[in-house]
Structure formats: structure tokens, C-alpha cells
Amino acid sequence: MKLSLFSAAFAAAMLCSTGSAQTTIASANIPFAFQVGDTTLPAGNYMVQDSQSFLRVFQPDGSNSVFHLTIYATRPHQTPDARMVFKRYGNTYYLTSVWNAGSTEGRSLVPGKRERALAKRYQTFAMADVRLLPKTP
């Protein structure tokens, strides 16, 4: 049932994208293993593709790739560089948001079941961020 609901939500989000939707692609070197939802990705070089409601994180060689649902987010201050932000619970890093350069706008990842459970278990968490570089032609 959950899979059917997620599949329906995914299909609806893909069909409801507007004509003004914009896709952004950037790259980052992530120095630690991390989670995107319930998927574990090893440390390494990644491309990040933001396509309105979904974020794709993938390695250029195609060895690892994951899509994850996101929601629009704002924060009070701008950062000069685009950033990926991670929360660390114990020894596990979770990608939680991606922020645009020179803007207060970004995308927050919808937390998965495991991340919600860890957030309840650990009352505190550490933050880490990684600079995103624009994709070069």
C-alpha cells in the first residue's frame, strides 16, 4: 500500500511540473558515506540534479544513483556558495537539504523512516555541509 501511494505521488509530481520548472546540476566531493532517505551512498564525487520536487544524487560513472522527494525551503541568511547540508546522528550522515548560491532558497529532503527514528533516539545532532560546484560543460 505504501509503495502504491509513493508511486502515485511520484507520478503526480512528475505530471504536475510547471513550464517554468528549472533543472540545476552541480557537483560535489563528499568525504564521507551518507544516506539519502534509506539509501546509503559511499564517499566520493557526486552530481546533484535538482528538478523542482525531486533531487537526484548520482556518481558520474553511473555506479550509484538515487532520487528523493524534496520540498521548497527558505532560511534567513544567504550563503555565497551552493551547499549540501547533512545531519549526523551518531556516525551516520543524512543529506537534509541543498541550498542555492547567493540565495535564501533551497530544497529540503523529506526524511525517511530510519532518519525519523534516529532523530527521536538522538536528541542532538551535528551538522556538516559540502560546497557544490556548478557543472562545467
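Scroll up to find the structure.
The following paragraphs examine the structure supplied in this document. (Residues numbered from 1 in each chain as written. Predicted model: local features only at pLDDT ≥ 70, side-chain atom pairs only at ≥ 80, totals over all residues. Heavy atoms only, no water.)

Once that is clear, we can look at the overall build of the chain. A count of helices and strands for the chain gives two helices and eleven strands. Along the chain direction, N to C, the helices and strands of the chain fall in the order α-β-β-β-β-β-β-β-β-β-α-β-β. The 137 residues of the chain split such that 35% are buried. Counting contacts in the chain only where the partners sit at least 6 residues apart, residues at least 24 apart contribute 55% of the total. (Helix = DSSP H or I, 4+ residues; strand = E, 2+ residues; numbered from the N terminus. Buried < 20%, exposed > 50% of the residue type's maximum accessible area, 1.4 Å probe, protein only. Contact = heavy atoms within 4.5 Å.)

Ranked by internal contacts, the top residues of the largest apolar core, which has 22 residues, are Ile 30, Phe 34, Val 57, Met 84, Phe 86 and Leu 95. Looking at this core, the elements with two or more residues in it are strand 1 (23-30), strand 2 (34-36), strand 4 (44-51), strand 5 (54-58), strand 7 (83-89), strand 8 (92-99) and strand 10 (126-131). When near neighbours in sequence (up to four residues on either side) are disregarded, Phe 34 contacts Thr 39, Thr 40, Leu 41, Pro 42, Tyr 46, Val 57, Phe 86, Tyr 93 and Leu 95. (Core = buried A, V, L, I, M, F, W, Y, C linked by side-chain atoms within 4.5 Å.)

Another aspect to go through is the environment of Pro 80. In this structure, Pro 80 sits in the loop between strand 6 (65-79) and strand 7. Given the relative accessible area of 71%, Pro 80 is considered exposed. Not counting residues up to four positions away in its chain, the partners in contact with Pro 80 are Ala 101 and Gly 102.

Moving on, we come to the pattern of salt bridges. Per the stated rule, a full pass over the model turns up four salt bridges. With its nearest N and O atoms 3.7 Å apart, the salt bridge here joins Asp 81 to Arg 83. Note on Asp 81: relative accessible area 23%, which makes it partly exposed. Residue class for Arg 83 comes out partly exposed when judged on its relative accessible area of 21%. Of the charged contacts in the structure, one is a salt bridge between Arg 83 and Asp 129, with a shortest N-O distance of 3.6 Å. Of the two residues, Arg 83 is situated in strand 7 and Asp 129 in strand 10; the sequence distance between them amounts to 46 residues. (Salt bridge = Lys/Arg side-chain N within 4 Å of Asp/Glu carboxyl O.)

Within the structure shown, the criterion is met by six aromatic pairs. Ring geometry for Phe 34 and Phe 86: centres 5.4 Å apart, planes at 75 degrees, overall edge-to-face. Note that Phe 34 is positioned in strand 2 and Phe 86 in strand 7, a separation of 52 residues in sequence. Under the relative-accessibility criterion, Phe 86 is labelled buried at 0%. (Phe/Tyr/Trp six-rings, centres within 6.5 Å; stacked < 30°, edge-to-face > 60°.)

Let us now look at the pairing of strand 7. Sheet topology note: the strand 7/strand 8 ladder contains seven bridges and is antiparallel. Across the sheet, the residue bridging to Phe 86 is Leu 95, located in strand 8. From the end of strand 7 to the start of strand 8, which pair antiparallel, there are two residues, and Gly 90 there has a positive phi angle of about 65 degrees. Across six bridges, strand 7 lies against strand 10 in antiparallel orientation. (Pairing = 2+ DSSP bridges.)

In this section: the pairing of strand 8. For strand 8, the buried fraction is high: seven of the eight residues fall into the buried class. As judged from the three bridges shared by strand 8 and strand 9 (residues 103-109), these two strands associate in the antiparallel manner. Within strand 9, the position partnered with Trp 99 by the bridge is Gly 106. Turn length for the strand 8-strand 9 hairpin, with the two strands adjacent in sequence and antiparallel, is three residues, and the turn residue Gly 102 shows positive phi of about 60 degrees.

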